[in-house]
Amino acid sequence: MDDADLLRALGVDPASLDPAPETVRMTDARQRFNRPCSTCRARGISTGTVRLPHGCFWLDSCRDHMLEGFRLRAGRWPAAGDVFTVLREAAAEAGVALTVITDGEAG
Ligand SMILES: [Zn+2]
């Protein structure tokens, strides 16, 4: 699911979203707090960005739509093993030692 799919699943019209910078700083995001939810117009409690073919846009969310966004995005997050593989490859490429600790076990 890409960000366009996410917006379709949430029922958000991409044309209704405000443009966002390519690189978001915390101060940019702080200014978005309490904006109406992009999905239902209730008071927003979180913000983030979506990347569409024509740029980046703010996606403001109320509690329920923030959680729905997490659920919808969860399917596209890599498995933990994939993340560790990428980290190990990056560490090897950088020539640094890497120790990953999960649940108290080093790997
Ligand atoms: Zn909402």
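Since the structure is predicted, the reported quantities are computational estimates derived from the model, not experimental observations.

**Thoughts on the coordination of the zinc ion**
Around the zinc ion, the donor atoms from the protein are Cys37 (SG), Cys40 (SG), Cys62 (SG) and His65 (ND1), and they sit 2.0 to 2.3 Å away. Taken in sequence order, the residues that donate to the zinc ion follow the motif C-x2-C-x21-C-x2-H. Since its relative accessible area comes to 0%, Cys37 is described here as buried.

**Focus on the confidence of the model for the chain**
Summary statistics for the chain give a mean pLDDT of 86 and a share of 88% for residues scoring 70 or more. Confidence, expressed as mean pLDDT per element, reaches its minimum in the chain at strand β4 (residues 105-106) with 56 and its maximum at strand β2 (residues 55-61) with 96.

What counts and what doesn't
- Residues numbered from 1 in each chain as written.
- Predicted model: local features only at pLDDT ≥ 70, side-chain atom pairs only at ≥ 80, totals over all residues.
- Heavy atoms only, no water.
- Donors = N, O, S within 2.8 Å, 3.2 Å for Na, K, Ca; no water.
- Buried < 20%, exposed > 50% of the residue type's maximum accessible area, 1.4 Å probe, protein only.
- pLDDT = per-residue confidence, 0-100.
- Helix = DSSP H or I, 4+ residues; strand = E, 2+ residues; numbered from the N terminus.

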